[in-house]
Amino acid sequence: MSSPIVVFDLDGTLVDTAPDLVASLNHAVTQAGVEPVTYRDLTHLVGHGARAMIERTFAMRNKPLDEDALAWQMKEFVDFYHGSMPGDSLPYPGMLDALDRLAAAGFKLAVCTNKPEMLANRLLERLGLLDRFAAVSGGDTFEIRKPDADHLLRTIANAGGSAQHSVMVGDSLNDILVARNAAVPSIAVPFGYSDVPIESLEPTIIIQHFDELTPELVTGLFNGK
């Protein structure tokens with residue numbers, strides 16, 4: 001039997017990246033004379049990528065944004081974000097201990113995020129986490145991305161596992177949907193960047209803290225408990 005796999009989303013699940021995403025956004029938009037925004041302005045967009053955040057910020061400020069301007073904004077955002085990593089981004093409480101417990105029990109770990117692969121790897125490396133994961137796939141690793149089932153299934157395959165012995169841990173709609181589309185159990189966390197109550201997304205189970213993420217919990221999900 002292949003090793004059991006626990007696959008994690010990144011932003012809002014493993015790491016609280018919101019402060020640095022908003023700082024990078026404000027660096028970009030102020031270059032175009034747009035007033036900066038706060039995290040509260042964009043809570044529901046933080047997990048949806050730079051493009052959505054930039055477009056929403058320009059719309060909030062009633063500023064035009066054509067494709068050329070958007071491309072320039074994206075470059076400003078990525079360059080600033082890449083250069084300042086890890087900034088104020090921090091692992092969520094209990095996450096490191098949870099990874100240790102799972103690894104000690106023989107689980108392989110992976111990351112499936114819509115963040116560009118280069119930025120995901122850079123962040124994990126700067127936080128000293130990259131070597132913990134058997135596979136990391138970003139939003140540009142394949143020709144598809146979450147919630148397409150193949151993003152998760154190909155991440156699992158790259159980590160050396162099978163869907164029958166895998167779970168997806170995430171904080172938002174795309175994570176729950178990709179698990180459902182791949183017929184994989186989902187574990188949701190409520191402390192991330194979902195714009196709706198996490199229970200409304202109907203994950204397989206919700207944990208309130210990473211202290212609850214144990215090998216026994218995950219194994220129970222494989223067995224349909």
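- Within an unreviewed UniProt entry, the label attached to the chain reads Phosphoglycolate phosphatase, and the organism entered is Ensifer adhaerens.

1. Topic: unusual backbone geometry
Here comes step 1: The omega torsion across Met85 and Pro86 is 0°, close enough to zero to call that bond cis.
Here comes step 2: Position of Pro86 relative to the elements: it lies in the loop between α4 (67-84) and β3 (90-91).
Here comes step 3: Residues other than glycine seldom take positive phi values, yet Asn62 does so here, at roughly 55°.
Here comes step 4: Inspection of the secondary structure assignment puts Asn62 in the loop between α3 (50-60) and α4.
Here comes step 5: A positive phi angle, close to 60°, is found at Ala183, a residue other than glycine.

2. Some points on the packing of aromatic side chains
Here comes step 1: Within the structure shown, the criterion is met by five aromatic pairs.
Here comes step 2: Pairing Phe77 with Tyr81 gives two aromatic rings, centres 5.9 Å apart and planes at 40°, and the pair type is tilted. One end of the pair, Phe77, and the other, Tyr81, are both in helix α4, four residues apart, so they sit about a helical turn from each other.
Here comes step 3: Taking the relative accessible area as the measure of exposure, Phe77 reaches 3% and is therefore buried.

3. Some thoughts on the environment of Trp72
Here comes step 1: Topologically, Trp72 is positioned in helix α4.
Here comes step 2: The spacing of Trp72 and Val169 is 97 residues in sequence and 33 Å in space, taken between C-alpha atoms.
Here comes step 3: Every residue in contact with Trp72, bar those within four places of it in the chain, is listed here: Gln31 and Ala32.

4. Quick word on the pattern of salt bridges
Here comes step 1: Per the stated rule, a full pass over the model turns up eight salt bridges.
Here comes step 2: Measuring nitrogen to oxygen at the nearest pair gives 3.3 Å for the salt bridge that ties Arg51 to Glu67. A residue pair is termed long-range when its members are at least 10 positions apart, and Arg51 in helix α3 and Glu67 in helix α4 qualify at 16 residues.
Here comes step 3: Residue Arg51 is classed as partly exposed on the basis of its relative accessible area, which comes to 40%.
Here comes step 4: On the accessibility criterion, Glu67 (54% relative accessible area) is exposed.
Here comes step 5: In this structure, a network of salt bridges that share partners links the residues Asp9, Lys146 and Asp175.

Calculation rules
- Residues numbered from 1 in each chain as written.
- Predicted model: local features only at pLDDT ≥ 70, side-chain atom pairs only at ≥ 80, totals over all residues.
- Heavy atoms only, no water.
- Helix = DSSP H or I, 4+ residues; strand = E, 2+ residues; numbered from the N terminus.
- Phe/Tyr/Trp six-rings, centres within 6.5 Å; stacked < 30°, edge-to-face > 60°.
- Buried < 20%, exposed > 50% of the residue type's maximum accessible area, 1.4 Å probe, protein only.
- Contact = heavy atoms within 4.5 Å.
- Salt bridge = Lys/Arg side-chain N within 4 Å of Asp/Glu carboxyl O.

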